[in-house]
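# Notes for the structure review
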Amino acid sequence: AVEYASTPRVFATATASKVAGLTSQNLADFYAGKDEAWPDGTKVRLMLRPIGDSDSETIKSLSPSMRAAVSAAEQRKGMAFTVTDQEAATAIEKVPGALGPTTLALLQSEKRALKALALDGVVPSAQTLANGSYPLHKQLLIVTGPKTPSEAHAFAAFVRSAAGRQVLQQTGHWVK
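My aim in this report is to walk through the structure given alongside it, one point at a time.

About the cut-offs
Residues numbered from 1 in each chain as written. Predicted model: local features only at pLDDT ≥ 70, side-chain atom pairs only at ≥ 80, totals over all residues. Heavy atoms only, no water. Helix = DSSP H or I, 4+ residues; strand = E, 2+ residues; numbered from the N terminus. Rg over C-alpha atoms; globule rule 2.2 N^0.38 Å. Buried < 20%, exposed > 50% of the residue type's maximum accessible area, 1.4 Å probe, protein only. Contact = heavy atoms within 4.5 Å. Areas by Shrake-Rupley, 256 points an atom, 1.4 Å probe, with all protein chains shown as cover. Lys, Arg positive; Asp, Glu negative; His and termini not counted. Charge placed at Lys NZ, Arg CZ, Asp CG, Glu CD. Salt bridge = Lys/Arg side-chain N within 4 Å of Asp/Glu carboxyl O. Phe/Tyr/Trp six-rings, centres within 6.5 Å; stacked < 30°, edge-to-face > 60°. Pairing = 2+ DSSP bridges.

### What about the overall build of the chain?
Counting secondary structure elements, the chain contains eight helices and eight strands. In terms of C-alpha radius of gyration, the chain reaches 17 Å, essentially the compact-globule figure of 16 Å for 176 residues. Over its C-alpha atoms, taken along the principal directions, the chain stretches across nearly 50 × 30 × 30 Å. Across the 176 residues that make up the chain, the buried fraction comes to 43%. For the chain, the share of sequence-separated contacts (at least 6 apart) that also reach a separation of at least 24 residues comes to 70%. For the chain, the accessible surface area stands at approximately 9100 Å², while carbon and sulfur atoms represent 56% of it. Positive and negative charge centroids in the chain, built from 19 and 15 side chains respectively, lie 2 Å apart.

Shown next, in the form of structure tokens:
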């Protein structure tokens, strides 16, 4: 397993939303069910990831209050859970008022109709991830083994090449 990049884990909503950012307290209140509406009055509809999923665990790591809030949301009846990254992004795009976790790389590389929200005033980007001002990231790995086909090795070599690094940098990845 070799890390090839990292990308900011972000909270996203539809591009049509007028919301540009959230505070950690806003998030805790949404997940805890203490606040259930966006500033325009639209109901916030959380798109959760499965219990134990790396996205869920990363969100919980923001603070003790987020750990408690996410755990409470996971236990509330009627909550929407999405299993894959693409399923989460599609749900956030289609459900009015949706808010959920995804990655900047997914938003940019798939050209999703979503926007990544600033967190505590910090806009998620490869630069803010690299300088440590944005707190959430997803480590991306290439895993190979003895039976990995030569085509997969060639793709892994491309990802690590100058051309591959350029593609990654243009799509929300921080390449170390």
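### Topic: the pattern of salt bridges
Overall, the coordinates contain 12 salt bridges when judged by the stated rule. K138 serves as the salt-bridge partner of D85, at 3.3 Å between the closest nitrogen and oxygen. Placement of the pair is D85 in helix α4 (residues 85-94) and K138 in strand β8 (residues 137-142), with a sequence separation of 53 residues. Owing to a relative accessible area of 16%, K138 belongs among the buried residues under this scheme. The network of salt bridges with common partners includes R9, R49, D53, D55, D85 and K138.

### Let's talk about the packing of aromatic side chains
Per the stated rule, a full pass over the model turns up two aromatic pairs. When the ring of F11 is compared with that of Y31, the centres are 6.5 Å apart and the planes differ by 75°; the resulting orientation is edge-to-face. Taken together, the positions of F11 in strand β1 (residues 2-14) and Y31 in helix α1 (residues 24-32) put the pair 20 residues apart, joining distant regions of the chain. Taking relative accessible area as the criterion, F11 reaches 2% and is therefore assigned buried.

### Some points on the pairing of β8
Of the two faces of β8, only the one carrying K138, L140 and I142 is buried; H137, Q139 and L141 on the other face are not. Here β1 runs beside β8; their pairing, made up of six bridges, is antiparallel. By the bridge assignment, E3 is partnered in β8 with L141.

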